[in-house]
Amino acid sequence: MAASYLWQWGMENIGTIVTVVSAIAAVLGALASRAETRKQHQLRTEQLRQSIDSASLDWGNTAIETLASAAMLARNRHVMDSDRAFQEARADSLTNLSTLIDRGRMFFPNLAPDRHGLNKDGAYQGFRAPILDSLVWAHEEVHALTREGGPTSEDSAAFIDACRKLLVSELQAHLDPRRMDQLLGRYTKQKQKHQDDAISRSGALRDELLTRRPDLSIDFWNRDTPKPETQP
């Protein structure tokens, strides 16, 4: 009896049933489509992130090699065959370092661009990232090198090696897969403590450089660095 009643009710309301089923199917389809769209967006974001990471890793590898070569130049400058050979090697090192600094701005934009250097070109507003500071300080050390005289070879090389260690640490923090979920916003979204530590290390290297090279002009490279934020 009940089955017969339900069959009759169904036949009389077939249009309504079809409409409801179609509506449910449409909602389910929309939800599935939305989920697929979100999945595709996440996939494209991850692919873009991997592409940026690959490019920044290539840049970082070149920077590491360039700093290692600069340190070797500092160690071997006294035994080079001639002043001309030294000048050519130093010019090559300076060119490579200068190029890497500006190439690095594509991956590591200045910090706090709305608080400092507003009168400068866009890429140079704000405070330079510590990872780029390491290249700047090394550039200045190489620029001040002479074939004879000045700090000892090992002393200059040790300073450049310290700059390289800062760069490697910052590059690792930028690429660390354990922190990928936090780094979608890239370098400027690092944990504040890590960023403060990097700024402090960069500032210490800058102070050492200025002590070593008191005649250095500090305006050319926009050397201002922000003070680490103090935690309340």
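Residues numbered from 1 in each chain as written. Predicted model: local features only at pLDDT ≥ 70, side-chain atom pairs only at ≥ 80, totals over all residues. Heavy atoms only, no water.

Draft legend 1. Seen up close, the pattern of salt bridges. If you walk through the whole model with that rule in mind, you get seven salt bridges. Here arginine 75 and aspartate 161 are joined by a salt bridge, their closest N and O atoms 2.7 Å apart. Within this pair, whereas arginine 75 is found in helix H2 (residues 14-76), its partner aspartate 161 is found in helix H5 (residues 153-175), the two being separated by 86 residues in sequence. With relative accessibility at 14%, the residue aspartate 161 sits in the buried group. (Salt bridge = Lys/Arg side-chain N within 4 Å of Asp/Glu carboxyl O. Helix = DSSP H or I, 4+ residues; strand = E, 2+ residues; numbered from the N terminus. Buried < 20%, exposed > 50% of the residue type's maximum accessible area, 1.4 Å probe, protein only.)

Draft legend 2. Local environment of the confidence of the model for the protein. Per-residue pLDDT for the protein has a mean of 78; in total, 71% of the residues score no lower than 70. Per-element confidence in the protein is highest for helix H3 (residues 83-104), whose mean pLDDT is 95, and lowest for helix H1 (residues 2-12), whose mean pLDDT is 61. With pLDDT under 50 throughout, residues 183-188 is counted as low confidence; its partners more than four residues away or in other chains account for 21 contacts. Every residue in residues 220-232 scores below 50 in pLDDT, and together they form 37 contacts with partners more than four places removed in sequence or on other chains. (pLDDT = per-residue confidence, 0-100. Contact = heavy atoms within 4.5 Å.)

Draft legend 3. How the structure looks around the packing of H3 against helix H4 (residues 130-144). The interhelical angle for the contact between H3 and H4, taken along N-to-C directions, is 160°, at an axis separation of 9 Å. As far as their axial angle goes, H4 and H3 are roughly antiparallel. In this structure, H3 crosses over H4, and the sense of that crossing is left-handed. Two secondary-structure elements touch here, H3 through Arg90, Ser93, Leu94, Leu97, Ser98, Leu100, Ile101 and Gly104 and H4 through Leu132, Leu135, Val136, Ala138, His139, Val142 and His143. When its residues are assigned to classes, the contact of H3 with H4 shows nine nonpolar, five polar and one charged. (Axes fitted to C-alpha atoms, helices over the stretch in contact; angles between N-to-C directions. Parallel < 35°, antiparallel > 145°, perpendicular 65-115°, else oblique. Left-handed = near helix turned anticlockwise from the far one by under 90°. Nonpolar A, V, L, I, M, F, W, Y, C, P; charged D, E, K, R; others polar.)

Draft legend 4. How the structure looks around H3. Taking 1.5 Å of rise per residue, the 22 residues of H3 would be expected to cover 32 Å, and the 31 Å separating its terminal C-alpha atoms lies within 8% of that figure. The complete set of buried residues in H3 reads Phe86, Arg90, Ser93, Leu94, Leu97, Leu100, Ile101 and Gly104. Down the axis of H3, the sector holding all buried residues measures 130°, keeping them to one side. (Expected span 1.5 Å × (residues − 1). Arc of directions from axis to C-beta.)

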